[in-house]
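# Tertiary structure, described
Residue-level listing of the chains:
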Amino acid sequence: MFSKAKAVLSDSEHRHTVINAAIALAIRVLGAGMAFLFNLIIARQLGAEQSGYFFLALALVMLLSAVARLGFDNTVLRFTSADASYGYTVKAILNFALKYVLPVSFIFTVITYTLAPWLAEAVFNKPELTDTLQLIAPAIIGLSIVFLVAMSLQARHKIIASIPCQNIAHLMLCGAAVVVFSAKSASTTALYLSLSLGVTSCFFYWLSIKKLNNNGEKPDPKKLWHSARPNWVIIIMSQAVQWSAPIIIGVFLVAEQVAFFSVAQRIALLTSFILMAVNLVVAPKFSAFHTKGDEHGIRKTALFSVRLLVLTALPVVLFMLAFPEFLMGLFGEEFRQGALILQILVLGQAVNVVTGSVGLLLQMTGHERDMRLVTLISGFGVLISVPIFTKLFGAVGAASATAFFISLQNLLAVYFVKKRLGFNTLMFWQKI
């Protein structure tokens, strides 16, 4: 066993992947712990009803922020990875994306704030939701900035800054504010989240550009838009798969059911934090290998990363499947009702993990249109099936439909990786 590990680590690319993935995983563990603690604080501090309102509003702004980013998430990641040696290009790519994303995010913020009373009463049939929607609306702008800045930092292998930017800093600030000021309502928590995102987005943008100069060649706008357009559909549909279910549950069911589903979903997503850590390392590698035309490097890194994922994620998945009531009960006795929801969602995330970084692999190698088709199928599948299954079977039905289409999305991506790049990530045991 030791000799095999030594042989694997003797390969420079594998060694770089393992070391950086370990660093990323350590920070991801911190981020996952922070997210878990944040959700725990919200659920215990606010109770099922108020936390349901908050999670419903959060799901809505997460989805709107994804639309507002215009597909530039992975475009910034891809092109910055390819041009990371040119400081001026890196800064220009990020600023180009923000130039278009910020006005759209501002418009969405104004629309959400203005339409909040109508959304709360006519769409969700929850008049108490109005203040929460209005106070969380500015978070759309903050979320858009932190996601794009995090992608830029990730592309430059600045993992220690990238993960806190995207997943830790604003949750830590908001959670601390909720505890220190003893927040009891969803609307107050929404205000704290918007303020936290305002602070963190400004800080990390400054951090990301402070050593970059303004001189030199600017990126080709046509190339950036050519990548962003299919990425936009991919991101919207991927986010729809993840965030539409809580919104749809909010339309048909009471706020408590939104809370049960949202908490179960956030626990289930912990199974994929290892995938996210590995993605932080391999995504820039895929882009760089593709730029150099190194197909063997792409295949080797992809298959090795899946092995790493299966080895590290399986114990987490088994623990969640075995002890769902214990995990849900941490958030309050009433949350134990969501144990079955958690098990269903974990199964969907397990497929996400064992298929590997197939979505990013397609996007980083210029096959965005294949990934767009995959996400269109899964996205529309969720949007059509979740309302039907929610009306028939409640939150359990929503979880079942969501888990199925998450699995389908990743399996279809595996098919296109095989078709375009010539290898199957599910056959991770094959010789590299």
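What counts as what
Just so you know, the residues in each chain are numbered from 1, in the order the chain's sequence is written. Owing to the predicted nature of the model, reporting of local features is limited to residues with pLDDT of at least 70; listing and counting of side-chain atom pairs is limited to 80 or more, with chain, interface and lining totals taken over all residues. Note that water and hydrogens are dropped before the side-chain values are worked out from all heavy atoms of the structure. Counting from the N terminus, the helices are the DSSP runs of H or I reaching at least four residues and the strands are the DSSP runs of E reaching at least two. Relative accessibility thresholds used throughout: buried, under 20% of the residue-type maximum; exposed, over 50%; partly exposed, between the two (1.4 Å probe, protein chains only). Contact definition: two residues touch when any of their heavy atoms are within 4.5 Å. Calculation of accessible area relied on Shrake-Rupley with a 1.4 Å probe; when residues are assessed, cover is drawn exclusively from the protein chains displayed. Helix axes are fitted only over the stretch in contact, all axes being lines through C-alpha atoms; the angle between N-to-C directions runs from 0 to 180 degrees. Each crossing gets its hand from how the near helix is turned against the far one by less than a right angle, where anticlockwise is left-handed and clockwise is right-handed. Residues are sorted three ways: Asp, Glu, Lys and Arg are charged, Ala, Val, Leu, Ile, Met, Phe, Trp, Tyr, Cys and Pro are nonpolar, and all the rest, Gly among them, are polar. Think of a polar contact as two N or O atoms within 3.5 Å of one another; within protein, one of them needs to be a possible hydrogen donor and the other a possible acceptor, and neighboring residues in sequence only count if both atoms come from side chains. Multiplying 1.5 Å by the residue count of a helix minus one yields the expected span of that helix. Axes are fitted to the seven residues ending at a residue and to the seven starting at it; the angle between these axes is taken as the bend at that residue. The criterion is simple. A nonpolar core is a set of buried Ala, Val, Leu, Ile, Met, Phe, Trp, Tyr and Cys residues joined through side-chain atoms within 4.5 Å. Should an angle lie under 35 degrees it is considered roughly parallel, over 145 roughly antiparallel, and from 65 to 115 roughly perpendicular; all remaining angles are considered oblique. Salt bridge criterion: a side-chain nitrogen from Lys or Arg within 4 Å of a carboxyl oxygen from Asp or Glu. Patch membership requires more than 30% relative accessible area and the absence of a salt bridge. Residues of like charge join within 9 Å; the nonpolar side chains Val, Leu, Ile, Met, Phe, Trp and Tyr join within 5 Å. On a scale of 0 to 100, pLDDT captures the predictor's confidence in every residue. Pairing of aromatic rings covers Phe, Tyr and Trp, the last counted by its six-membered ring, and requires centre-to-centre distances within 6.5 Å; plane angles under 30 degrees mean stacked, over 60 mean edge-to-face, and any other angle means tilted.

Along the protein, the regular secondary structure elements total 16 helices and zero strands. A burial count over the protein gives 58% of its 432 residues as buried. Put simply, of all contacts in the protein between residues at least 6 apart along the chain, 82% involve residues at least 24 apart. Carbon and sulfur atoms provide 68% of the accessible area of the protein, an area that totals close to 17500 Å².

Where helix 10 (residues 255-268) meets helix 14 (residues 339-354), the closest approach of the two axes is 9 Å, and the angle between their N-to-C directions is 35°. Helix 14 is crossed by helix 10, and the crossing has right-handed handedness. On the side of helix 10, the interface is formed by Phe261, Ala264, Gln265, Ile267 and Ala268, while helix 14 contributes Ile341, Leu342, Leu345, Val346 and Gln349. When its residues are assigned to classes, the contact of helix 10 with helix 14 shows eight nonpolar, two polar and no charged.

Take unusual backbone geometry next. Positive phi, normally seen in glycine, also occurs at Asn125, with a value near 55°. Along the chain, the position of Asn125 falls in the loop between helix 4 (87-123) and helix 5 (130-136). Given the relative accessible area of 62%, Asn125 is considered exposed. Residues other than glycine seldom take positive phi values, yet Ser182 does so here, at roughly 50°. The topology assignment puts Ser182 in the loop between helix 7 (159-180) and helix 8 (186-209).

What follows covers the side chain of Gln409. Of note, Gln409 is situated in helix 16 (residues 368-421). On the accessibility criterion, Gln409 (12% relative accessible area) is buried. A distance of 2.7 Å separates polar atoms of two side chains, one belonging to Gln409 and the other to Ser378. Aside from chain neighbours lying at most four places away, what touches Gln409 is Ser238, Val241, Met371, Val374, Thr375 and Ser378.

Side chains three or four residues apart in an α-helix point the same way, a direct result of the helix having 3.6 residues per turn. For helix 9 (residues 221-252), which comprises 32 residues, the first-to-last C-alpha distance of 43 Å matches the rise-based estimate of 46 Å (1.5 Å per residue) to within 8%. Of all the bends in helix 9, the greatest, near 45°, is centred on Trp243, and the proline Pro246 appears no more than four residues after it.

Of all hydrophobic cores here, the largest spans 129 residues; its most connected members are Phe54, Phe72, Ile136 and Phe335. With 20 residues, helix 2 (residues 12-68) is the largest single contributor of residues to this core. Apart from the residues within four sequence positions on either side, Phe335 is in contact with Ala43, Ala48, Ser51, Ala259, Phe260, Val263 and Met328.

In the contact formed by helix 9 and helix 16, the axes pass within 9 Å of each other and the chain directions differ by 0°. On the basis of their axis angle, the class for helix 9 and helix 16 is roughly parallel. Broken down by class, the residue content of the contact of helix 9 with helix 16 amounts to 20 nonpolar, eleven polar and four charged.

Taken as a whole, this structure holds three salt bridges when the rule is applied. Between Asp73 and Arg69 there is a salt bridge whose closest N-O contact spans 2.7 Å. The pair formed by Asp73 and Arg69 is uniform in burial state, with each residue classed as buried. Note that Arg420 and Asp370 form a salt bridge whose closest N and O atoms lie 2.6 Å from each other. Judged by relative accessible area, which is 9%, Asp370 ranks as buried.

A few words now on the environment of Ala401. Summarising the element assignment, Ala401 is placed in helix 16. In this structure, Ala401 is in contact with Ser385, Val386 and Phe389, ignoring residues within four places of it in sequence.

In this section: a nonpolar patch on the surface. Taken together, the side chains of Phe380, Leu383, Ile384, Ile388, Phe389, Leu392 and Phe393 make up a nonpolar region of the molecular surface, amounting to roughly 710 Å² of accessible area. Mapped onto the fold, Ile388 is located in helix 16. For Ile388, a relative accessible area of 44% gives the class partly exposed.

Any residue range with low pLDDT should be treated as having predicted coordinates unsuitable for detailed reading. Confidence along the protein averages 83 in pLDDT terms, with 86% of residues attaining 70 or more. Here helix 1 (residues 2-9) is the element of the protein with the lowest mean pLDDT, 49, and helix 5 is the one with the highest, 95.

The next point concerns the environment of Thr425. Position of Thr425 relative to the elements: it lies in the segment after helix 16. Look past the residues within four positions of Thr425 in its chain and what remains in contact with it is Leu303, Val306, Val354, Thr355, Val358, Val414 and Val417.

Within the element layout of this structure, Pro219 appears in the loop between helix 8 and helix 9. When the C-alpha positions of Pro219 and Ala92 are compared, they lie 6.7 Å apart, and in sequence the two are 127 residues distant. Ignoring sequence-local partners within four residues, the contact set of Pro219 consists of Ala92, Ile93 and Leu224.

This structure, assessed with the given rule, holds 17 aromatic pairs. Arranged with centres 4.9 Å apart and planes meeting at 65°, the rings of Phe72 and Trp225 form a pair that is edge-to-face. One end of the pair, Phe72, is in helix 3 (residues 72-82); the other, Trp225, is in helix 9, and 153 residues separate them in sequence. In this structure Phe72 comes out as buried when scored by relative accessible area, which is 1%. When the ring of Phe203 is compared with that of Trp206, the centres are 6.0 Å apart and the planes differ by 40°; the resulting orientation is tilted.

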